[in-house]
Amino acid sequence: MARTAYVQTHCHQHAVLGFQADQAVLAAAGVDAKVLDSGCCGLAGNFGFEQGHYEVSEACAERVLLPAVREAGPGDAILADGFSCRIQIAQSDAGGRRGVHLAELLRAGMDGDGGAGIPEESWTRRPSAPPRPVRLLTTAVAIGGAGTALMYALRRWSTR
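Residues numbered from 1 in each chain as written. Predicted model: local features only at pLDDT ≥ 70, side-chain atom pairs only at ≥ 80, totals over all residues. Heavy atoms only, no water.

Before we move on, can you summarise the overall build of the protein with the specific residues and values?
In terms of regular secondary structure, the protein is built from eight helices and three strands. Of the regular secondary structure in the protein, the N- to C-terminal order runs β-α-α-β-α-α-β-α-α-α-α. A burial count over the protein gives 36% of its 160 residues as buried. Pairs at least 24 residues apart make up 63% of the contacts formed inside the protein by residues separated by at least 6 positions. Split by element, the accessible area of the protein, about 9200 Å² in all, is 61% carbon and sulfur. (Helix = DSSP H or I, 4+ residues; strand = E, 2+ residues; numbered from the N terminus. Buried < 20%, exposed > 50% of the residue type's maximum accessible area, 1.4 Å probe, protein only. Contact = heavy atoms within 4.5 Å. Areas by Shrake-Rupley, 256 points an atom, 1.4 Å probe, with all protein chains shown as cover.)

Break down the pattern of salt bridges for me, with residues and values.
Opposite charge on two side chains makes pairing possible when the charged atoms of those side chains draw close. In the structure shown here, the tally under the stated rule is three salt bridges. Salt-bridge contacts for Asp32 lead to Lys34; the nearest nitrogen and oxygen are separated by 3.1 Å. Taking the relative accessible area as the measure of exposure, Asp32 reaches 36% and is therefore partly exposed. Classification of Lys34 as partly exposed rests on a relative accessible area of 35%. (Salt bridge = Lys/Arg side-chain N within 4 Å of Asp/Glu carboxyl O.)

Break down the environment of Glu71 for me, citing the residues and quoting the values.
On the secondary structure map, Glu71 appears in helix α4 (residues 65-71). Since its relative accessible area comes to 65%, Glu71 is described here as exposed. When the C-alpha positions of Glu71 and Ala94 are compared, they lie 9.3 Å apart, and in sequence the two are 23 residues distant.

Describe the state of the cysteines, with residues and values.
All chains considered together, the criterion is met by zero disulfides. For the unlinked cysteine Cys41, the closest cysteine sulfur is that of Cys85, found at 4.0 Å. With relative accessibility at 2%, the residue Cys41 sits in the buried group. Of all cysteine sulfurs, the one in Cys40 lies closest to Cys60, which takes part in no disulfide; the gap is 6.2 Å. (Disulfide = S-S within 2.5 Å.)

Give a description of helix α5 (residues 83-91) that names residues and reports values.
Taken across its nine residues, α5 has seven buried, putting it largely inside the fold. Every buried residue of α5 is accounted for by Ser84, Cys85, Arg86, Ile87, Gln88, Ile89 and Gln91.

So what's going on with the confidence of the model for the protein? Which residues, and what values?
Overall, the prediction assigns the protein a mean pLDDT of 78, with 68% of residues at 70 or greater. Mean pLDDT values over the elements of the protein span from 52, in helix α8 (residues 132-158), up to 94, in α4. This stretch, residues 132-141, has a pLDDT under 50; its non-local contacts, to residues over four places away or in other chains, come to 10 contacts. (pLDDT = per-residue confidence, 0-100.)

Break down the pairing of strand β3 (residues 77-80) for me, with residues and values.
Remember that side chains alternate between the two faces of the sheet whenever the strand is regular. Burial of the side chains of β3 extends over both faces: Ala77 and Leu79 are buried on one face and Ile78 and Ala80 on the other. Relative to β3, strand β1 (residues 3-8) is paired through four bridges, and the arrangement is parallel. The partner of Gln8 across the bridge, within β3, is Ala80. (Pairing = 2+ DSSP bridges.)

Structure follows, in structure tokens:
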């Protein structure tokens, strides 16, 4: 699939695993990967949702990530494997663009979908997102619920 992809490497992947294996896969698939030197997208799990962190979160995203997404051509893919990164792009001023996961990009290539248009509109099979305040609330509840479950599990494990 001959296509350009602007790549936001998830900060945890960058710190722990690196991006070399993904770059090799992208090169083998014929994707011209423009890996952004942006560091963290700014959302960092629930950091950007916490009181007092929104401005810092948006400033991180506006440093490199969001300008690159807005400047990407309509046929360029926005590759963001991290869930937080995709949420940050979708809920920020990204010119209506969304990030796709590497698996979605590769599936599109296997399906022969290298056609024109904004890639994420035809590649992703996600339900359309509700308005922003609802998304923020449901994401916060999901994160809070997962955090509560994790804390409960850790508390039980530490008392054994």
